[in-house]
Amino acid sequence: LKDVVIVVTRYFGGTLLGTGGLVRAYTDAAKAAVEDAGVAQMQLMQQFSIVFDYPFTGSIDHLMEQDGISRLNAEYTDKVRYDLAVPEQKYDALVKLLTELTSSAIDIERGDTAYVPG
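Cut-off values and rules
Residues numbered from 1 in each chain as written. Predicted model: local features only at pLDDT ≥ 70, side-chain atom pairs only at ≥ 80, totals over all residues. Heavy atoms only, no water. Helix = DSSP H or I, 4+ residues; strand = E, 2+ residues; numbered from the N terminus. Rg over C-alpha atoms; globule rule 2.2 N^0.38 Å. Buried < 20%, exposed > 50% of the residue type's maximum accessible area, 1.4 Å probe, protein only. pLDDT = per-residue confidence, 0-100. Patch = residues over 30% accessible without salt bridge, like charges linked within 9 Å, V, L, I, M, F, W, Y side chains within 5 Å. Areas by Shrake-Rupley, 256 points an atom, 1.4 Å probe, with all protein chains shown as cover. Salt bridge = Lys/Arg side-chain N within 4 Å of Asp/Glu carboxyl O. Phe/Tyr/Trp six-rings, centres within 6.5 Å; stacked < 30°, edge-to-face > 60°.

Draft legend 1. Representation of the overall build of the protein within the structure. Looking only at helices and strands, one finds 3 helices and 4 strands in the protein. Along the chain direction, N to C, the helices and strands of the protein fall in the order α-β-α-β-β-α-β. Relative to the globule expectation of 13 Å for 118 residues, the C-alpha radius of gyration of the protein, 23 Å, shows a markedly less compact shape. Taken along its principal axes, the extent of the C-alpha atoms in the protein is 70 × 30 × 20 Å. Evaluated residue by residue, the protein yields a buried proportion of 23% over its 118 residues.

Quick look at the structure:
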């Protein structure tokens, strides 16, 4: 495990456990929490935002579905804004595809790279 914090709270119920009993109770609670949490595979992803006109929504949504692109957020105002994440190695090719798909009528802003569940 890496970068993990476990907090165990015990409300006193009238039973004194002693030092050894408290250590066992806290250890058992922490162990159960870790087992219930399971394992998550993390993948380094390039986060970025795209802003485009509404007529491109269907085409971009279809491309995202086909390529398994993660949409982190969507905002619909006078234009559409998607916050996306893709594996780092796919970013440049996707930017090219989006630019061609919209005939360069898209704003693309590169964000940070971050590990996200994959």
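Draft legend 2. Summary view of the confidence of the model for the protein. When pLDDT is averaged along the protein, the result is 90; 99% of the residues meet or exceed 70. When pLDDT is averaged over each element of the protein, helix H3 (residues 91–101) comes out on top at 96 and helix H1 (residues 18–37) at the bottom at 88.

Draft legend 3. Expanded view of a nonpolar patch on the surface. A cluster of nonpolar side chains, contributed by Leu 1, Val 4, Ile 6 and Val 34, occupies part of the molecular surface with about 390 Å² of accessible area. Within the element layout of this structure, Ile 6 appears in the segment before H1.

Draft legend 4. Quick look at the pattern of salt bridges. Under the definition given, this model contains 3 salt bridges. Where Asp 53 meets Lys 79, a salt bridge forms, and the shortest distance between an N and an O atom there is 2.9 Å. In this pair, Asp 53 is assigned in the loop between strand S1 (42–52) and helix H2 (57–67) and Lys 79 in the loop between strand S2 (70–76) and strand S3 (80–87), connecting sequence segments 26 residues apart. Look at Asp 53 and you get partly exposed, because its relative accessible area is 30%. A salt bridge links Asp 83 to Arg 81; the nearest nitrogen and oxygen atoms lie 3.2 Å apart. A residue is classified by how much of its surface remains accessible, and Asp 83, at 16% relative accessible area, is buried. Accessibility expressed as a relative area gives 29% for Arg 81, which makes it partly exposed.

Draft legend 5. The packing of aromatic side chains, seen in detail. Enumeration over the complete set of coordinates arrives at 4 aromatic pairs. Each ring, one from Phe 48 and one from Tyr 91, has its centre 5.2 Å from the other, and the planes form 75°; the classification is edge-to-face. Of the two residues, Phe 48 sits in strand S1 while Tyr 91 sits in helix H3, which places them 43 residues apart along the sequence. A single burial state applies to Phe 48 and to Tyr 91, both of which are buried.

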